[in-house]
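Structural overview
Now for the letters of each chain:
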Amino acid sequence: MSSHPRGDLTTRTLAMPADANPSGDIFGGGVLSQMDIAGGIHAGQRAQGRVATVAIEAMHFIKPVHVGDVLCVYASPERVGRTSLVIRLEAWALRRRLGNV
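Residues numbered from 1 in each chain as written. Predicted model: local features only at pLDDT ≥ 70, side-chain atom pairs only at ≥ 80, totals over all residues. Heavy atoms only, no water.

Turning next to the pattern of salt bridges. The final tally for this structure, using the stated rule, is three salt bridges. Close ionic contact of arginine 88 with glutamate 90 constitutes a salt bridge, the shortest N to O distance being 3.2 Å. Judged by relative accessible area, which is 29%, arginine 88 ranks as partly exposed. Overall, the relative accessible area of 11% leaves glutamate 90 in the buried class. Put simply, Arg6, Arg88 and Glu90 are held in one network by salt bridges that share partners. (Salt bridge = Lys/Arg side-chain N within 4 Å of Asp/Glu carboxyl O. Buried < 20%, exposed > 50% of the residue type's maximum accessible area, 1.4 Å probe, protein only.)

So this is what it looks like as structure tokens:
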């Protein structure tokens, strides 16, 4: 695991209680949704047009995102073709909005 995110900061959002389970952790689907949004933003900028998510190759959850954390999603292109592209996404949590990963 890297100590610094790779790619361009694409989205930032504050984890809110409505996004959490009873333990105060953000649902994995909520994190995945934010990553999909970031991927769409990055892909749309590269394509200069409409894009769609076709597949997700893998997802690894390393640590939970808690209520009050800032969820940052970084995007970087891995492969760019004529009609498709592959984007690497990383989600990082800034603990309690203070910047401690």
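So, next bit.
With that settled, consider the pairing of strand E3 (residues 85-94). Pairing analysis gives 10 bridges linking strand E2 (residues 70-80) to E3, with the strands arranged antiparallel. Of the residues in E3, the one forming a bridge with alanine 75 is leucine 89. Hairpin connection between E2 and E3: a loop of four residues separates the two successive antiparallel strands. (Pairing = 2+ DSSP bridges. Helix = DSSP H or I, 4+ residues; strand = E, 2+ residues; numbered from the N terminus.)

So, on to the nonpolar core. Grouped together as the largest cluster of nonpolar side chains are 10 residues: Ala15, Ala20, Ile26, Val31, Met35, Ala38, Val65, Leu71, Val73 and Ala93. Secondary structure elements with two or more residues in this core: helix H1 (28-47) and E2. Here the element with the most residues in this core is H1; it accounts for three residues. Not counting residues within four places of it along the chain, the set of residues in contact with valine 73 comprises Asp8, Leu9, Thr10, Thr11, Gln34, Met35, Ala38, Leu89, Glu90 and Ala91. (Core = buried A, V, L, I, M, F, W, Y, C linked by side-chain atoms within 4.5 Å. Contact = heavy atoms within 4.5 Å.)

Glancing now at the sheet that holds E3. Read from one edge of the open sheet, three strands run E1-E2-E3, paired in antiparallel fashion. Two strands lie at the open edges of the sheet, namely strand E1 (8-14) and E3, each paired on one side alone. Strand after strand, the sheet turns through a mean of 25° between neighbouring axes, direction not considered. With six bridges joining them, E1 and E2 adopt antiparallel strand pairing. (Axes fitted to C-alpha atoms, helices over the stretch in contact; angles between N-to-C directions.)

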